[in-house]
Every structure is written in structure tokens, then in C-alpha cells.
Amino acid sequence: MLLFAFLPLVLAATFTRPMERVSSLDPAQARSLYDTHAVGLLYEMPLAIDYKARPYRVIPGFFELPDVSSDGLVYTLRRARPESDALTALDAARSLERLRDPKAVSPNGWILKDVGAISAPDAQTLVITLRRRCHFFPWLLTMPATAVCGPHGEGTGPYRLAAWRKNHEMVFARRGRGMPQGFDVVRYLVIDDASTQWLMFLKGELDFLGEVSRDNWDSVVGPDGRLAPALAAQGIRLHSIASLESLYVGINLRDPVLGPNRKLRQALNAAFDSAAWERFYNGRVLRGDGPVPPGVEGRLETPFPYAFDLAKARRLMSEAGYPDGRDSQTGRRLVLTLSVGRASQESREAAELMAAFYERIGIRLECDFKTWDAFLRATAEGRVQLFRMGWVGDYPDAQNFLQLFYSKNRAPGPNRAAYASEAFDRAYEAALAAPTADERNAHWATCQEIVREDCPWIFTHYNRAYSLTRPNVGNYVPTDFPYGVEQHYENVVP
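Before going into details, it helps to say that this report is about the structure given with it.

Taken together, the buried positions of helix H3 (residues 89–99) are Ala89, Asp91, Ala92, Ala93, Ser95, Leu96 and Leu99. Buried-residue contacts for H3 involve strand S6 (115–122) and strand S7 (125–130). The backbone nitrogen of Leu90 lies 3.1 Å from a side-chain oxygen of the residue at the head of H3, namely Thr88.

Below you can see the structure in the form of C-alpha cells.
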């Protein structure tokens, strides 16, 4: 019976892409970008993001756009499709309450930290009362963690889960809404090897590649920056976007070696060879100079004081108590451990390159490769020293990146470095309370100056994302908010 149930899906218009392992389909427990991809297919969020609009804007989702009280504290939302009673505002209220329930221990509970009360006076209306004004609150209601779920996990998203073979494949079947010529089935395949992904894409077994690997770059893009003619002749299209993503090596401030030694953390930044890193990534990355990527309102544009400078790095090492990489008290060489959550060829080569950077100042960098789930648990629990990670913006505002340093957001929240600074917290809270964008951005600048000086991260780079689609995929637009976007794709039939 399972075979016959699955057969119609095989024959349907199917969109297939590679995807990293999804750890949870529970919106409250979704911890990674990969989880949010799946959540966005299964559920609706209270509000949505316009797929094509640039700059990005919030549009109706499960609810219409909210009415906001004059003091900015009360948000009233009404059902966008009141004729549909599959789920109601009562389900939305329960879903949000669960997200912030301390017993649920949700890693996403921080999203609603400014919410004082949530109520559903009737099946069509949701009322959210904030404790303080929050200029970006509508963006929070677009995040997959806020998805509207039924009491048994039911959703009203564009797709339903048809099959899930862990560590291998997820299959989603369309519920009926979305593009008229959209794909009936979406398949996520777990394919760890980048070379295998590339060969499957060339053979037509994958319709989309969300990442062009470093090893395949020269086969995809010519010296002129354009798609290779052989691929263009097949109708394959290359897409690029300056992504809303900040990549970094987190420094665990709970670590007894790195936590109390700011000079050492500054030295790690000054020894990071950004030019060599850019070459390693075929020029597809921008040099990191702080936590907020280019193009985000409130970003600080002044030079980073600890950009690559070996002489400065060596001086800082001496001031930190490790001249030439040796402990001035014991004479022992400093050994640090970098934890990585994906043991791919590229991540291994990148780790080796970083080790070469730090060898120049006498540090031996050792690497610890973990499974993705084990890596997330270890960083949340502080069982790491250095850890390589990225943050994809949930909305285009400096606050979304600077919240990663707010002391009240320490793990299991997004502040995985366990950074705490009273000066930072004061500036951060002042920005949240600021009545105008200019005042707010002045406080964001202060926050960034403090973080750049304290160096709780090694600011490695910002991504420029490249993707490939086969000719059967229409209406594709690169976006920084990819959860659930497959509902917008068209199935182009030759």
C-alpha cells in the first residue's frame, strides 16, 4: 500500500534539490537554516515576506498585516482567509505561547522575549501586546519558529510531508496552493559529497544547486564572471546575490584561556589572512570586518582595527602573555581547538588553511569535526573552544545581527559565544528604545565598536551566494529568506 500511495508522487511534476540533514520539523525546535527550509513548506507563518520585492517587505501570511496601536505596543492581526477553518487564531496563539514556554526549552524563545501577552479573542483575531516598542516586530512574525501549528502538529503550508527517510530523503506533496504551474512534489536529498551533487545536477537528477562548490567553480564560471558556454547551451542559469549572511569563528567566552584574554582574541583576528581566504573561496566572499554584513541598515562602515596585520598580531600575542605562541609562564606552546559541524572536503581544507594562518604566530590549531547535531549541542552547551558558524539574517536590520552579542541571549539562545558586556547591553537597549532610525543607528554603531574591540568572534567573511537552476525551473529569484520558497517556482515544460 505504501508503494501505491507513493506512486502518484513519483509521476508528478517534481522539484529535486540537495539539502543538509533536517534535525526537526517542530517550528519551536528548528535550530538550523535547513530545518527552516522544511518548516516553511509545511506551515504558514503569521506574516510573510514578499518573494520578489527588493528591498524586502512584509506581506500578509496566515494573518493580514497588523493594526498597531499609537504607542506601538498592541498588534491586532486578523485571519487572511477567514473562510478556511482548518486552523484558527486560537492555534496561532497556542503556537506562540508554546514557543516562549520555559518548559519547551525552545532555542527560538528569544524571538518573543518582548511579548507581554498573547490572546485570541475569537477564532479570527490574534492580539499581541509588547512590553516595549519593537520597530522590527512584524519581521519576527515572518520567522519559521512562529509558524502556526495545530494541536497535533498540523500545518496549512503549501506542502505536506509525504515521506522522510532520515539522512537520505524528504518528500513533500503540494496541498493545492501556490503557483498555478508550480511543482506538485518537492524532494530534498541528503548528498554530502559536493562532487556527487555536481554530477547529479549535470545529469538532470537535481533541478537546483544552491551552492557552487569551490572545486567546481572554474567549470561553472569563466574568467569573465559569466556562466560557462557549455552550461548556458543546456539552458542552465547562474544566479547570484550578496547574501544577508555573516560567517565567523565563534570564540567561547566561557573558555578559561580565551574568555578572559581580550588581547589574545584580538590577535586571532589580526592573524586571519583575509586575502588568502578570499583566494581560497575563488573571490566569492567579502572580507569580514564586523558582525553586520553590507547592505544592512545600521552597519558600521569604519575600518576594522584588527584586520589582517601579522606584526600587530605578534605584538598582541606578546601582550596577551604568549610571545611567539608560547605561554610566558610555562613555556608551553598554545594549542587551540576549532570545532566544525560539517566534515566536507572544503571544510577540512578551510580548517587546514586557518591552521596555517595561526602557525605564523606560533599557535597550533587542531580541528574537531562533529556531526551537525552534535556540533549544535556542543556549541549550545559551551563544550567548544573555537567554533565555525554563520548567521543568516532573519530580517534586514542591524539588530538581527547584534542580538548575537546581547547577554540575555546567551545559549541556548543565539549568543553562542556567551559574550557579556554591560556597555554593549546599554547601547543595545538604547537602540531598541530609540524613537527614530537615526538615533537607533547611532546606538547600533556604538554596539559594533564595542564588539569589534572585544573580538568575541573571528570575523571571517560575508558570503556572496551563487546558485544554478536547470531550464525546467521558472520564476526563481535568489533570496535571503529561502524557507518555503519552492511554492513560488514554476514547472517549465519544454
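Moving on from the model shown.
A few words on the environment of Glu346. Note on placement: Glu346 falls in helix H11 (residues 345–359). Between the alpha carbons of Glu346 and Arg214 there is a distance of 7.4 Å; along the sequence they are 132 residues apart. If near-sequence neighbours (up to four positions away) are discounted, Glu346 is found in contact with Ser213, Arg214, Phe280 and Tyr281.

With that settled, consider the sheet that holds strand S5 (residues 74–78). Within the open sheet, the four strands sit side by side as S4-S5-S7-S6. Their pairing is antiparallel. Of all the strands in the sheet, the pair left with one neighbour each is strand S4 (67–68) and S6. As judged from the five bridges shared by S6 and S7, these two strands associate in the antiparallel manner. Along S7, the bridge assignment pairs Ser119 with Val127. The sheet contacts of H3 involve S6 and S7, and relative to S6 the element is tilted by about 160 degrees.

Further remarks concern the sheet that holds strand S1 (residues 14–18). The four strands are arranged S1-S10-S9-S8 in an open sheet whose pairing can be described as mixed. With one partner strand each, in any of the chains shown, S1 and strand S8 (159–165) form the two edges of the open sheet. The sheet shows a mean angle of 15 degrees between the axes of neighbouring strands, direction not considered. Here six bridges tie S8 to strand S9 (residues 169–174), and the two strands are oriented antiparallel to one another. From the neighbouring strand, Arg165 faces S9, where its bridge partner is Glu169.

Enumeration over the complete set of coordinates arrives at 35 aromatic pairs. Where Phe172 meets Tyr188, the ring centres are 5.2 Å apart and the plane angle is 65 degrees; that geometry is what we call edge-to-face. In this pair, Phe172 sits in strand S9 while Tyr188 sits in strand S10 (residues 185–189), placing the two residues 16 residues apart along the sequence. Phe172 gets classed as buried once you look at its relative accessible area, which sits at 0%. Residue classification places Tyr188 among the buried residues on the basis of a relative accessible area of 1%. One aromatic cluster is present, built from ring pairs that chain together Tyr248, Phe304, Tyr306, Phe387, Phe405, Tyr406, Tyr419, Phe424, Tyr428, Trp444, Trp457 and Phe459.

Now for the packing of helix H14 (residues 422–433) against helix H15 (residues 437–454). Closest axis-to-axis distance for the H14/H15 pair is 8 Å, and the angle between their directions is 160 degrees. By the angle between their axes, H14 is roughly antiparallel relative to H15. Relative to H15, H14 is oriented so that their crossing is left-handed. Residues Ala423, Phe424, Ala427, Tyr428, Ala430, Ala431 and Leu432 of H14 pack against Arg440, His443, Trp444, Thr446, Cys447, Ile450 and Val451 of H15.

What counts as what
Residues numbered from 1 in each chain as written. Predicted model: local features only at pLDDT ≥ 70, side-chain atom pairs only at ≥ 80, totals over all residues. Heavy atoms only, no water. Buried < 20%, exposed > 50% of the residue type's maximum accessible area, 1.4 Å probe, protein only. Helix = DSSP H or I, 4+ residues; strand = E, 2+ residues; numbered from the N terminus. Contact = heavy atoms within 4.5 Å. Polar contact = N/O pair within 3.5 Å; in protein donor to acceptor, adjacent residues only side chain to side chain. Pairing = 2+ DSSP bridges. Axes fitted to C-alpha atoms, helices over the stretch in contact; angles between N-to-C directions. Phe/Tyr/Trp six-rings, centres within 6.5 Å; stacked < 30°, edge-to-face > 60°. Parallel < 35°, antiparallel > 145°, perpendicular 65-115°, else oblique. Left-handed = near helix turned anticlockwise from the far one by under 90°.

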